[in-house]
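What follows is each chain in one-letter form.
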Amino acid sequence: MEKRHVGFDLTIYEGEQSLPPGDRELLSKAREATSGAYAPYSGFRVGAALLLESGEVVIGSNQENASFPSGLCAERVAVFQKGARFPEGVIEVLAVVALSPGKHLKIPAAPCGNCRQSLLEYEHRQESPIRILLQADNGSVYECPSVSALLPLGFDQSYLNSRY
């Protein structure tokens, strides 16, 4: 039998004032993106902002649907928009801000499993990590080094037969 630890070091900032100016600006864009959320059912508004290597910023917000599985999370809206607009672009950082009316979020909301899997595909595709910033209502910011850290033992192309 063999035991292995699978995990990562999470950096927690008390507030965004401790972050470099570029990270603060990206979180601000993610916060602004929450205004585009369509969340009539849950009220849970999420904004995401991707910083590309080129300096371009791509945003997304969650889009709910009365048929719940048909909606999309902010992270996937942003990453799919990036794929359509900047197919060769490299994502350096993803910032996510979540707001829940009537509930004070003490810790940031992390991407759901579907978003982690979608983001992992882009991380593998570009062959470089995507750093993630998550912010809660109280201003604290969690910094994760990569998507693969958030999704250890993730499913990727290495499990599939290649036809090429």
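Before reading on, note that the structure itself is shown above.
Throughout what follows, the structure given in this document is the object of discussion. (Residues numbered from 1 in each chain as written. Predicted model: local features only at pLDDT ≥ 70, side-chain atom pairs only at ≥ 80, totals over all residues. Heavy atoms only, no water.)

**Some remarks on the layout of surface pockets**
Turning to step 1, where the next piece is worked out: Roughly 240 Å³ of internal volume is contained in the largest pocket.
Turning to step 2, where the next piece is worked out: Phe-44, Val-46, Asn-62, Cys-73 and Ala-74 are the residues nearest the centre of the largest pocket, which is lined by 19 residues in total.
Turning to step 3, where the next piece is worked out: Going through the elements one at a time, α2 (74-85) and β4 (91-99) are the ones with two or more residues in the lining of the largest pocket.
Turning to step 4, where the next piece is worked out: Split by residue class, the lining of the largest pocket holds 13 nonpolar, four polar and two charged. (1 Å grid on protein atoms, 1.4 Å probe; cavity = no way out; pocket = protein on both sides within 12 Å on 5 of 7 lines; lining within 4 Å. Points joined across faces, edges and corners; volume = space filled by probe spheres on them. Helix = DSSP H or I, 4+ residues; strand = E, 2+ residues; numbered from the N terminus. Nonpolar A, V, L, I, M, F, W, Y, C, P; charged D, E, K, R; others polar.)

**Some thoughts on helix α1 (residues 21-33)**
Turning to step 1, where the next piece is worked out: If you check α1, its first and last C-alpha atoms are 18 Å apart, about what 13 residues at 1.5 Å a residue would give, namely 18 Å.
Turning to step 2, where the next piece is worked out: Buried within α1 we find Asp-23, Leu-26, Leu-27, Ala-30 and Ala-33. One side of α1 holds all its buried residues, which, seen down the axis, span an arc of 115°. Opposite the buried face of α1, at more than 90 degrees from it, the exposed residues are Pro-21 and Glu-32.
Turning to step 3, where the next piece is worked out: Residues of α1 that are buried make contact with β2 (45-52), β3 (57-61), β4, β5 (131-135) and β6 (141-144). (Expected span 1.5 Å × (residues − 1). Buried < 20%, exposed > 50% of the residue type's maximum accessible area, 1.4 Å probe, protein only. Arc of directions from axis to C-beta. Contact = heavy atoms within 4.5 Å.)

**Quick notes on the nonpolar core**
Turning to step 1, where the next piece is worked out: If you look at the biggest cluster of nonpolar residues, it comprises 24 residues, and the most contacted ones within it are Leu-50, Ile-91, Leu-94 and Ile-132.
Turning to step 2, where the next piece is worked out: Within the residue set of this core, elements represented by two or more residues are β2, α2, β4, α3 (113-126), β5, β6 and α4 (147-150).
Turning to step 3, where the next piece is worked out: Once you skip the residues sitting within four places of it in the chain, Leu-94 turns out to touch Ala-48, Ala-49, Leu-50, Glu-75, Leu-119, Ile-130, Arg-131, Ile-132 and Leu-133. (Core = buried A, V, L, I, M, F, W, Y, C linked by side-chain atoms within 4.5 Å.)

**Describing the packing of aromatic side chains**
Turning to step 1, where the next piece is worked out: Per the stated rule, a full pass over the model turns up two aromatic pairs.
Turning to step 2, where the next piece is worked out: Where Tyr-41 meets Phe-68, the ring centres are 5.7 Å apart and the plane angle is 80°; that geometry is what we call edge-to-face. A residue pair is termed long-range when its members are at least 10 positions apart, and Tyr-41 in the loop between α1 and β2 and Phe-68 in the loop between β3 and α2 qualify at 27 residues.
Turning to step 3, where the next piece is worked out: Look at Tyr-41 and you get partly exposed, because its relative accessible area is 43%.
Turning to step 4, where the next piece is worked out: Ring geometry for Phe-155 versus Tyr-159: centroids 5.1 Å apart, planes at 10°, classification stacked. (Phe/Tyr/Trp six-rings, centres within 6.5 Å; stacked < 30°, edge-to-face > 60°.)

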